[in-house]
Amino acid sequence: MGEQGSDGGRKTAKATKKAVPAKRVTAEKGAVKKSSASKKTASAKGAAAEKAGVEKAAAKKPAAKKAAPMKRQAPAKKPAVVPKKAAAAVKGVAPAKTVAAKPPRGESRTALVRRARRIDRELAEVYPYAHPELDFENPFQLVVATVLSAQTTDLRVNQTTPALFAKYPTPEDLAAAVPEEVEEILRPTGFFRAKTKSVIGLSKALAEDFGGEVPGRLEDLVKLPGVGRKTAFVVLGNAFGRPGITVDTHFQRLVRRWRWTEETDPDKIEAAVGALFPKSDWTDLSHHVIWHGRRICHARKPACGACPIAPLCPAYGEGETDPEKAKKLLKYEKGGLPGQRLKPPQAYLDAGGKPAPPLGAG
């Protein structure tokens with residue numbers, strides 16, 4: 001009995017331990033459900049907030065612009081290349097692949113002198129017959145023709161002076177001329193009234209102050225009406241054999257393109273360029289540069305593709321670089337084309353040049 005009571009008490013206690021009150025179970029289940037619902041609610045709220053944030057950001061972001069139609073791009077320009085013909089014309093110089101628009105900034109004085117003299121040597125080979133392109137038989141005719149060449153071409157002057165010198169062969173004759181008659185002869189040269197006054201005035205000065213002879217000194221020549229340093233050096237260099245640099249428009253243009261000087265005043269250009277060459281070269285240098293300026297290195301459209309000194313020129317590319325197109329730009333060159341003179345030197349004729357046509361013939 002005692003054992004059974006004891007066993008019964010144990011069983012009852014065990015059963016009591018295992019049994020959980022119904023209220024507790026119900027409370028736990030409710031807590032679990034509440035937690036699960038809370039998590040779902042929080043998750044739903046987070047998703048809603050995220051969606052709202054995305055929509056808000058999308059609303060702020062401006063609508064993407066429609067892509068503009070692609071424009072057809074022009075092909076990139078090829079680098080300037082020295083034409084083979086031009087490079088080949090310069091002996092001993094390999095054709096350069098590209099030519100810079102400007103010379104090296106750090107070009108030394110020695111390098112400048114060498115480059116300038118090299119250009120002159122090459123031009124001397126291209127124009128071995130270079131000469132003054134005004135027709136004259138004596139210093140008087142040359143000084144008058146040079147004064148008349150202002151604002152016109154040497155060709156026009158050469159077509160006009162035969163009639164002038166036929167009627168007034170000496171300074172004394174021209175000094176005594178009737179201005180209106182001289183004006184009529186000089187009309188084709190332009191500015192004929194001012195030029196008539198100058199040539200009659202210098203003829204009177206020659207007749208009265210120099211015994212009818214053209215002086216051979218610079219300081220005397222520049223005293224004559226209408227005669228400046230340029231005209232004086234033309235006369236000194238070509239009529240008296242005394243070296244001088246003729247700084248005309250062609251000369252000014254080319255020496256600046258070649259970066260021999262940055263000066264713009266003719267007197268300063270004369271001094272700067274003269275310092276690069278021996279004095280004995282000055283007259284021929286002037287002819288080489290002027291001939292090149294008239295025939296190839298034009299003011300508006302240089303014929304770069306036909307230029308024999310292209311590898312030496314810092315301004316290569318300013319003009320036409322295509323060899324065939326550049327060849328069509330050449331003027332007054334040998335090979336059948338006439339020069340400026342009606343009576344050119346024999347060397348020019350031997351090289352293939354032709355005399356210029358007389359007035360009225362072309």
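Everything below is about the structure printed above this text.
Computed from a predicted model, the values in this text were never measured in an experiment.

> So, the state of the cysteines: which residues are in play, and what are the values?
Summed over all chains, the structure comprises zero disulfides. No disulfide involves C297; its sulfur sits 6.1 Å from the nearest other cysteine sulfur, which is in C313. Among the residues examined, C297 registers a relative accessible area of 8% and is labelled buried. In this structure C307 is a free cysteine whose sulfur lies 6.1 Å from that of C313, the closest cysteine sulfur available.

> Explain the nonpolar core residue by residue, including any values.
Ranked by internal contacts, the top residues of the largest apolar core, which has 33 residues, are F251, W258, W260, V273 and F277. Among the elements of the structure, α4 (109-126), α12 (249-257), α13 (266-274) and α14 (282-295) are those that each provide at least two residues to this core. It is α4 that contributes the most residues to this core, five residues altogether. Contacts of V273, omitting those with residues within four sequence positions, involve I245, F251, V255, W260, T261 and L285. Counting residues in each nonpolar core, the second largest holds 32 residues, with A145, A177, F192 and V214 among its members.

> Outline unusual backbone geometry, supporting the account with residue identities and numerical values.
Excluding glycine, residues mostly have negative phi values, and the peptide bonds linking residues are mostly trans. Positive phi is not limited to glycine here, since Q151 has a value of about 60 degrees. The backbone of R259 shows a phi angle near 60 degrees, a positive value even though the residue is not glycine. Within the secondary structure, R259 sits in the loop between α12 and α13. Taking the relative accessible area as the measure of exposure, R259 reaches 21% and is therefore partly exposed.

> Tell me about the side chain of E270, residues and numbers included.
The residue E270 is located in helix α13 in this model. Apart from the residues within four sequence positions on either side, E270 is in contact with R229, F233, I245 and V247.

> Describe empty space enclosed by the protein, naming the residues involved and giving the relevant values.
Scanning the model with the defined rule gives two cavities of 30 Å³ or more in all. Approximately 100 Å³ is the volume attributed to the largest cavity. In terms of lining residues, the largest cavity is bounded by 14 residues, among which C297, P302, C304, C307 and C313 are the most central. In terms of residue class, the lining of the largest cavity is built from 11 nonpolar, one polar and two charged. The computed volume of the second largest cavity comes to approximately 30 Å³.

About the cut-offs
Every chain is numbered on its own, with residues counted from 1 as its sequence reads. With the structure being a predicted model, the display of local features is reserved for residues of pLDDT at least 70 and the display and counting of side-chain atom pairs for 80 or more, all residues being used for whole-chain, interface and lining totals. With hydrogens and water stripped out, all remaining heavy atoms of the structure feed into the side-chain values. Any pair of cysteine sulfurs within 2.5 Å is marked as a disulfide. Residue burial is assigned from relative accessible area. The probe radius is 1.4 Å, only protein chains are included, and a residue is buried under 20% of its type maximum, exposed over 50%, and partly exposed in between. Residues belong to one nonpolar core when they are buried, are Ala, Val, Leu, Ile, Met, Phe, Trp, Tyr or Cys, and are joined through side-chain atoms within 4.5 Å. Counting from the N terminus, the helices are the DSSP runs of H or I reaching at least four residues and the strands are the DSSP runs of E reaching at least two. Residue contacts are counted whenever heavy atoms from the two residues lie within 4.5 Å of one another. The definitions used throughout rest on a 1 Å grid laid over the protein atoms alone, on which a cavity is an enclosed set of points accommodating a 1.4 Å probe that cannot get out and a pocket is an open set flanked by protein within 12 Å on both sides along at least five of seven lines; lining residues are those having an atom within 4 Å of a point. Grid points are joined across faces, edges and corners, and a volume is the space filled by probe spheres set on the points. We call Asp, Glu, Lys and Arg charged. Ala, Val, Leu, Ile, Met, Phe, Trp, Tyr, Cys and Pro are nonpolar, and the rest, Gly among them, are polar.

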